[in-house]
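Structural features, examined
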Amino acid sequence: MTDTRIARLYGRRVWDSRGRPTVEVEAHLEGGAAGRAIAPAGASTGRGEALDLRDGGSRFGGLGVDRAVGSVNGEIASALLGQDAADQESVDTLLVKLDGTEDRSRLGGNAIVATSMAILHAAAAASKKPLWLHLSGGGPVRIPLPEIQIFGGGAHADRRVDVQDFMVMCPAATSFAEALEWTAEIYRATGSLMRKAGKSGGVADEGGFWPDFDSNEEALETLTRAIEAAGFRPSDQVGISLDVAASQFGDAGRYRLALDNRTLDTERLIDLLGSWIEKYPILSVEDPVGENDHDGMREFTHRYGNRCQVIGDDYLVTDARRVEAAAAAHAANAVLVKPNQAGTVTEALAALQAGKKAGFGTIVSARSGESEDVTIAHLSVGWDAGQLKVGSFTRSERMAKWNEVLRIEEALGTTAEFSGWSALPYHA
Ligand code: PGA
Ligand code: ZN
């Protein structure tokens, strides 16, 4: 039997997709197996997220991770030595206890999540299985429906447009590989529409076009036209998914849409989003109102939850208790699952399971600051999440995840089931 006790943990500083420092952890087990993971980082973070430990000061704009790396090589390594990597729950419980704070600010959310994921990889390596199979234990899994960004805005593009992500979903595709083919055609069609209109201003943080639009609605119009220009039927075959990330431009009662030069109360913001749902092929809306606007989330879900996925990201912060409360109040019908928002692999899984229990859509998600790490591709399949959100269809830190799911789909062969429409809560 392989010895899965942790023999050595090692942290180092590496760099993320925004050129900022982040934490990588390597875990080595007594039996010789090893695993490695890199912490991602958000920009439009919700309150109640696990907090990264940053060095402060002037170096790297205060974003250094020397202290977080020190946490891994010091306290964390000492505490985890000899622990069983195959018992992820005990490892994660120990990490949470060791930190001792609610927000993981003492040892650092970045140090803790990279450790938790590295140990998961080491355990999978010891079991001689790919990570997704180690997680599923051979149980039924679906290949996730991807949400892929075409335009980036909000905090990821200096607020050039107020809405953060304009994404496409291809639920009528018959496989993940086909969903990517369709997206590639739509991405190309968007590019040529943008060039013709002189509206392209480079790329945003997650690699989507950084659009030079005159209104938020122009993005929806352009995207719908691009879907058609690529030869697909909007709504029937390809839909739009929005991450409004409303906390970035307001909260309960007062929302400032700078591009549209309008300030709206909650009711008017919901009306505006509702008018877009009527007019455009929108299948999913994330954080339609601010993270503290519970009444707004309830109202939006009440009005549109029977025809549209309503995702809580900043609103639910990958917290199982918040997911349960939102389900009881009908204040969302889907949960975004970000391991570093929860803090550990075990806590992220708990949020996903709470979502499934409530009949929610579940979406494993990357952050705006990413790396070549592909852990989330495996989590989305191994946990049978049904959906995966990674960012755009450019740049290697994004493509690494999409390409990893292609490999998993190929490995599953004829037994691979693409989630498609079944991933969306109102189609269930
Ligand atoms: P973040 O954005 O990683 O900057 O938080 C992603 C999202 O809001 O879904
Ligand atoms: Zn979001």
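Computed from a predicted model, the values in this text were never measured in an experiment.

Cut-offs applied
- Residues numbered from 1 in each chain as written.
- Chains lettered and ligands numbered in written order.
- Predicted model: local features only at pLDDT ≥ 70, side-chain atom pairs only at ≥ 80, totals over all residues.
- Heavy atoms only, no water.
- Helix = DSSP H or I, 4+ residues; strand = E, 2+ residues; numbered from the N terminus.
- Rg over C-alpha atoms; globule rule 2.2 N^0.38 Å.
- Buried < 20%, exposed > 50% of the residue type's maximum accessible area, 1.4 Å probe, protein only.
- Contact = heavy atoms within 4.5 Å.
- Areas by Shrake-Rupley, 256 points an atom, 1.4 Å probe, with all protein chains shown as cover.
- Lys, Arg positive; Asp, Glu negative; His and termini not counted.
- Charge placed at Lys NZ, Arg CZ, Asp CG, Glu CD.
- Domains from an automatic or database assignment.
- Buried area = accessible area lost by both parts, 1.4 Å probe.
- Salt bridge = Lys/Arg side-chain N within 4 Å of Asp/Glu carboxyl O.
- Pairing = 2+ DSSP bridges.
- Phe/Tyr/Trp six-rings, centres within 6.5 Å; stacked < 30°, edge-to-face > 60°.
- Near = heavy atom within 4 Å.
- Polar contact = N/O pair within 3.5 Å; in protein donor to acceptor, adjacent residues only side chain to side chain.
- Nonpolar A, V, L, I, M, F, W, Y, C, P; charged D, E, K, R; others polar.
- Donors = N, O, S within 2.8 Å, 3.2 Å for Na, K, Ca; no water.
- Axes fitted to C-alpha atoms, helices over the stretch in contact; angles between N-to-C directions.
- Parallel < 35°, antiparallel > 145°, perpendicular 65-115°, else oblique.
- Left-handed = near helix turned anticlockwise from the far one by under 90°.

1. So, the overall build of the protein chain
Looking only at helices and strands, the protein chain features 13 helices and 16 strands. Whereas a compact globule of 428 residues would reach a radius of gyration of roughly 22 Å, the protein chain reaches 21 Å, a difference of no more than 12%. Along the first, second and third principal axes, the C-alpha atoms of the protein chain reach 60 × 50 × 45 Å. Sorting the 428 residues of the protein chain into buried and exposed places 59% on the buried side. Considering only residue pairs separated by 6 or more positions, the protein chain has 71% of its internal contacts joining residues 24 or more positions apart. As displayed, the protein chain offers around 15700 Å² of accessible surface, 48% of which is attributable to carbon and sulfur atoms. Of the side-chain charges in the protein chain, 44 are positive and 60 negative, and the distance between the mean point of each set is 2 Å.

2. Focus: the domain arrangement of the protein chain
Think of interface size as the accessible area that goes away when the parts come together; that is how it is often given. For the protein chain, the domain assignment lists domain 1 (2–128) and domain 2 (145–423). A straight line from the C-alpha centre of domain 1 to that of domain 2 covers 27 Å. Taken residue by residue, the interface counts 29 residues in domain 1 and 33 residues in domain 2. For the pairing of domain 1 and domain 2, the buried interface totals around 2600 Å² over both sides, and the portion due to carbon and sulfur atoms is 48%. The largest per-residue losses of area from domain 1 upon contact with domain 2 belong to Ser17, Ser44 and Arg47, which jointly make up 26% of the total buried on that side. The tally of links between domain 1 and domain 2 comes to three salt bridges. As a salt-bridge pair, arginine 18 and aspartate 205 come within 2.8 Å of each other at their nearest N and O atoms.

3. Here we look at the pairing of strand β8 (residues 239–243)
With respect to burial, β8 is a largely interior element, five of its five residues being buried. Residues Gly239, Ser241 and Asp243 point to one face of β8 and Ile240 and Leu242 to the other, with burial holding for every one of them. Looking at chain direction, β8 and strand β12 (residues 282–286) are connected through four bridges and run parallel. Bridging across to β12, isoleucine 240 finds its partner in isoleucine 282.

4. Here we look at the packing of aromatic side chains
For the structure shown, the criterion picks out nine aromatic pairs. On the basis of an interplanar angle of 75 degrees and a centroid distance of 6.1 Å, the ring pair of phenylalanine 151 and phenylalanine 166 is categorised as edge-to-face. Here phenylalanine 151 is found in strand β4 (residues 145–152), whereas its partner phenylalanine 166 is found in strand β5 (residues 165–169), with 15 residues between them in sequence. As far as burial versus exposure is concerned, phenylalanine 151 and phenylalanine 166 are alike and both buried. Taken together, the ring pairs in this structure connect Phe151, Phe166, Tyr187, Phe209 and Phe213 into an aromatic cluster.

5. Examining the site of ligand 1
Neighbouring ligand 1 are 14 residues, the closest being Ala43, His156, Arg367, Ser368 and Lys389. The separation between an oxygen atom of ligand 1 and a polar side-chain atom of glutamine 164 is 2.8 Å. Note that an oxygen atom of ligand 1 is positioned 2.7 Å from one of the side-chain N or O atoms of arginine 367. Taking 280 Å² as the accessible area of ligand 1 by itself, protein coverage stands at 100%. Residues belonging to the shell around ligand 1 are distributed by class as follows: two nonpolar, five polar and seven charged. Structurally, the shell around ligand 1 is a two-domain feature, drawing no fewer than three residues from each of domain 1 (2–128) and domain 2 (145–423).

6. Structural notes on the pattern of salt bridges
Tallied over the full model, the rule gives 33 salt bridges. Residue arginine 59 is joined to aspartate 66 by a salt bridge in which the shortest nitrogen-to-oxygen separation is 3.7 Å. Judged by its relative accessible area of 41%, aspartate 66 falls in the partly exposed class. Between arginine 407 and glutamate 404 there is a salt bridge; the shortest N-O distance is 2.7 Å. Taken together, the positions of arginine 407 and glutamate 404, both in helix α13 (residues 396–412) and three residues apart, correspond to about one turn of that helix. Classification of glutamate 404 by relative accessible area gives buried; the value is 16%. Through salt bridges that share partners, Glu267, Arg268, Asp271, Glu299 and Arg303 make up one connected network.

7. A few points about the coordination of the zinc ion (ligand 2)
Donor atoms from the polypeptide that coordinate the zinc ion (ligand 2) comprise Asp243 (OD), Glu286 (OE) and Asp313 (OD), at 2.1 to 2.2 Å from the metal. Going along the chain, you hit the donors of the zinc ion (ligand 2) in the pattern D-x42-E-x26-D. Of this pair, aspartate 243 sits in strand β8 while aspartate 313 sits in the loop between β13 (309–312) and α9 (320–329); the two residues are 70 residues apart in sequence, bridging distant segments of the chain.

8. What about the sheet that holds strand β2 (residues 21–29)?
Spatial strand order, β1-β2-β3: three strands in an open sheet with antiparallel pairing. Taken across any chain shown, the strands that pair with only one partner, and hence form the sheet edges, are β1 (6–15) and β3 (34–38). Strand-to-strand twist across the sheet, computed as the mean angle between neighbouring axes with direction ignored, equals 15 degrees. Here nine bridges tie β1 to β2, and the two strands are oriented antiparallel to one another. Opposite arginine 13, over in β2, you have valine 23 as the bridge partner.

9. Some remarks on the packing of helix α2 (residues 88–99) against helix α3 (residues 109–126)
Axis separation between α2 and α3 bottoms out at 10 Å; the angle between their running directions is 165 degrees. Relative to α3, the element α2 is oriented roughly antiparallel. Remark: the crossing between α2 and α3 carries right-handed chirality. For the pair α2 and α3, contact is made by Gln88, Val91, Asp92, Leu95 and Asp99 and by Ile112, Thr115, Ser116, Ile119 and Leu120, respectively. Class assignment for the residues of the contact of α2 with α3 results in five nonpolar, three polar and two charged.

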